[in-house]
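If you want the building blocks of each chain, they are given just below.
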Amino acid sequence: MSTMQHYDCVVIGAGVQGSFTAYQLAKQNKKTLLLEQFILPHTRGSSHGQTRIIRRAYEQDIYTQMMEEGYEMWAQLEKEAGVTLYRQTGLLVMGPETSGDYPLVKRTLLKNKVPTVILSRDNFHQHIPNVVLSEGHGALVDETGGVLFADRALKAVQGQFQKLGGVIRDNEKVMEIKPGPVVKVTTSGGAYQARNVVITAGPWTNKLLAHTGIQLPLEAAKINVCYWKEKTPGSYSVKQRFPCFVVTGSLEAKEDIYGLPSNEYPDLMKICYHMGSKTDPDYRDLQTDTSDIEILKRYVSRCIPGLVPEPAVVESCMYTLTPDRHFVLDHHPNYSNIVIGAGFSGHGFKFGPVIGKLLCELSLGEEPSFDLSPFKISRF
């Protein structure tokens, strides 16, 4: 075992939230270590894959407002790293006109003056060919919506962190955390001390929190990430300005269904169910439930007739879910120098820059930029 190494802050978990937190701490001239249990890059957690949706379309004002700053911060990272991380496609939102989430999303977008186009049943097909709008459903487009290039974003923020003098140690699993005025973190490859620790370990969060005497009501779910072949190549392509979409309250599903235009795999459109089945993150691939794929097949057959209703490619991702699907952004209830970012519930990637800033502020004892009361541990 090497001798104890000293840092101002250790961030555990190098997914999007941990990487942006480490980057923000390094920007504040803090000597920061970013730990990752797997060799980078990897596909075991929640931040891998080529694309994610970015949007301001939410039922709650807090997320819409956080994303106003989020877009600015993504643009700043693009500038710093010299890479394209965002492609504006618009986000089509469909759902029952008078119930459920759709009217709430519409209200929030209009209230927060987000550029939005409301589509009528008459002009829907003119704007959105090759999609069936269900009876009784409304449709709108969040014009700011689009595609984030996830793998590229992760690489960019980790690169900027290292340029600022930050240290990344991958292939180091945390074996022990000893809380105290100075926190001791022992890994499979070293021993570290820091005045502050931030835990952003996704579905492994509770395994780490066990060292600190608490557990959170977090559940890991395995998501089947499905890609569907276009019958006519290019008909749902990003080049044809086909938008990302979210449908709430569909006939087929309790949870949302979402999609991204064909881009990352030529002539394959990414369409997924916004939920999966419970899993242990260390044994993710033993969980083989495909009931979500059956739901998607029925939806694609009914509403997206230009796709072959059988997935051509199926990949895996994990969600770490809280009971209310809102994040955890808070100090440890017993140790103020341990900060927890968790439970991003399958909608956290786009918030990476803002969450990184908020977790950095919490770690440094500063007043957070946003009201974090919806994200406190005490709500459970």
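Rules behind the numbers
- Residues numbered from 1 in each chain as written.
- Predicted model: local features only at pLDDT ≥ 70, side-chain atom pairs only at ≥ 80, totals over all residues.
- Heavy atoms only, no water.
- Phe/Tyr/Trp six-rings, centres within 6.5 Å; stacked < 30°, edge-to-face > 60°.
- Helix = DSSP H or I, 4+ residues; strand = E, 2+ residues; numbered from the N terminus.
- Buried < 20%, exposed > 50% of the residue type's maximum accessible area, 1.4 Å probe, protein only.
- Core = buried A, V, L, I, M, F, W, Y, C linked by side-chain atoms within 4.5 Å.
- Contact = heavy atoms within 4.5 Å.
- 1 Å grid on protein atoms, 1.4 Å probe; cavity = no way out; pocket = protein on both sides within 12 Å on 5 of 7 lines; lining within 4 Å.
- Points joined across faces, edges and corners; volume = space filled by probe spheres on them.
- Pairing = 2+ DSSP bridges.
- Axes fitted to C-alpha atoms, helices over the stretch in contact; angles between N-to-C directions.
- Expected span 1.5 Å × (residues − 1).
- Bend = angle between axes of the 7 residues up to and from the residue.
- Disulfide = S-S within 2.5 Å.

Novice: How do you make sense of the packing of aromatic side chains when you look at a structure like this?
Specialist: The geometry of an aromatic ring pair is captured by the separation of the ring centres together with the interplanar angle, meaning the angle of the planes. Per the stated rule, a full pass over the model turns up 16 aromatic pairs. When the ring of Tyr-63 is compared with that of Phe-375, the centres are 5.9 Å apart and the planes differ by 50°; the resulting orientation is tilted. With Tyr-63 in helix 2 (residues 61-81) and Phe-375 in the segment after helix 8 (352-363), the pair connects residues that are 312 residues apart, well separated along the chain. A relative accessible area of 1% places Tyr-63 in the buried class. With a centroid separation of 5.1 Å and 80° between ring planes, the pair formed by Tyr-236 and Phe-242 is classed as edge-to-face. By relative accessible area, Tyr-236 is classed as buried at 0%.

Novice: Help me understand the nonpolar core in this model?
Specialist: In globular proteins that are soluble, nonpolar side chains generally tend to be buried together. Counting 53 residues, the largest nonpolar core has Leu-92, Met-94, Phe-124, Phe-245, Ile-257 and Ile-271 as its most contacted members. When near neighbours in sequence (up to four residues on either side) are disregarded, Ile-257 contacts Phe-245, Val-246, Val-247, Ser-250, Ile-271, Cys-272, Tyr-273, Ile-295, Leu-296 and Tyr-299. Residues Tyr-58, Leu-154, Val-198 and Leu-372 belong to the second largest nonpolar core, which totals 45 residues.

Novice: Help me understand empty space enclosed by the protein, please; the structure alone is not making it clear to me.
Specialist: A probe matching the size of a water molecule, rolled over the atoms, marks out where space remains unfilled. As enumerated under the stated definition, the model contains one cavity of 30 Å³ or more in all. In this structure, the largest cavity occupies an estimated 30 Å³ of space. Every residue along the wall of the largest cavity is listed here: Thr-51, Val-147, Val-238, Leu-260, Pro-261, Asn-263 and Glu-264.

Novice: Please clarify how the sheet that holds strand 4 (residues 86-88) should be interpreted in this entry.
Specialist: Sheet strands pair by backbone hydrogen bonding; their relative direction is either parallel or antiparallel. Within the open sheet, the three strands sit side by side as 3-8-4. Their pairing is antiparallel. Each end of this open sheet is capped by a strand with a single partner; those strands are strand 3 (51-54) and strand 4. On average, each strand axis in the sheet is tilted by 25° relative to the strand beside it, whichever way the strands run. Across three bridges, strand 4 lies against strand 8 (residues 146-149) in antiparallel orientation. Note that in strand 8 the partner of Tyr-86 across the bridge is Leu-148. Lying on the sheet, helix 2 is in contact with strand 3, strand 4 and strand 8; it crosses strand 3 at an angle near 135°. Contacts from helix 5 (residues 150-163) reach strand 3 and strand 8, with the element oriented near 50° to strand 8.

Novice: What is the right way to read unusual backbone geometry from this model?
Specialist: Residues other than glycine predominantly adopt negative phi, and peptide bonds predominantly adopt the trans conformation. Leu-40 connects to Pro-41 through a cis peptide bond whose omega is -10°. Along the polypeptide, Pro-41 turns up in the loop between strand 2 (32-35) and strand 3. Although it is not a glycine, Lys-113 sits at a positive phi angle of roughly 55°. Position of Lys-113 among the secondary structure elements: in the loop between helix 3 (101-111) and strand 6 (116-119). One non-glycine residue, Arg-241, lies in positive phi territory at about 60°. Mapped onto the secondary structure, Arg-241 falls in the loop between strand 13 (219-230) and strand 14 (244-247).

Novice: Explanation requested: helix 2 in the structure shown.
Specialist: In an α-helix, one turn spans 3.6 residues; hence positions three or four apart end up facing the same way. Taking 1.5 Å of rise per residue, the 21 residues of helix 2 would be expected to cover 30 Å, and the 30 Å separating its terminal C-alpha atoms lies within 8% of that figure. The sharpest bend along helix 2 comes to roughly 25°, located at Glu-68. Those residues of helix 2 that fall on the buried side of the exposure criterion are Asp-61, Ile-62, Tyr-63, Thr-64, Met-66, Met-67, Glu-69, Gly-70, Tyr-71, Met-73, Trp-74 and Leu-77. Gly-82, located one to two residues past helix 2, shows a positive phi value of around 70°.

Novice: What should I look at first to understand the state of the cysteines in this one?
Specialist: Each disulfide consists of one covalent bond between the sulfur atoms belonging to two cysteines. Summed over all chains, the structure comprises zero disulfides. Cys-226 forms no disulfide, and the closest cysteine sulfur to it belongs to Cys-272, at a distance of 5.9 Å. Assessed through its relative accessible area of 0%, Cys-226 is described here as buried. Among the cysteines around Cys-303, which has no disulfide bond, Cys-272 carries the closest sulfur, lying 16 Å off.

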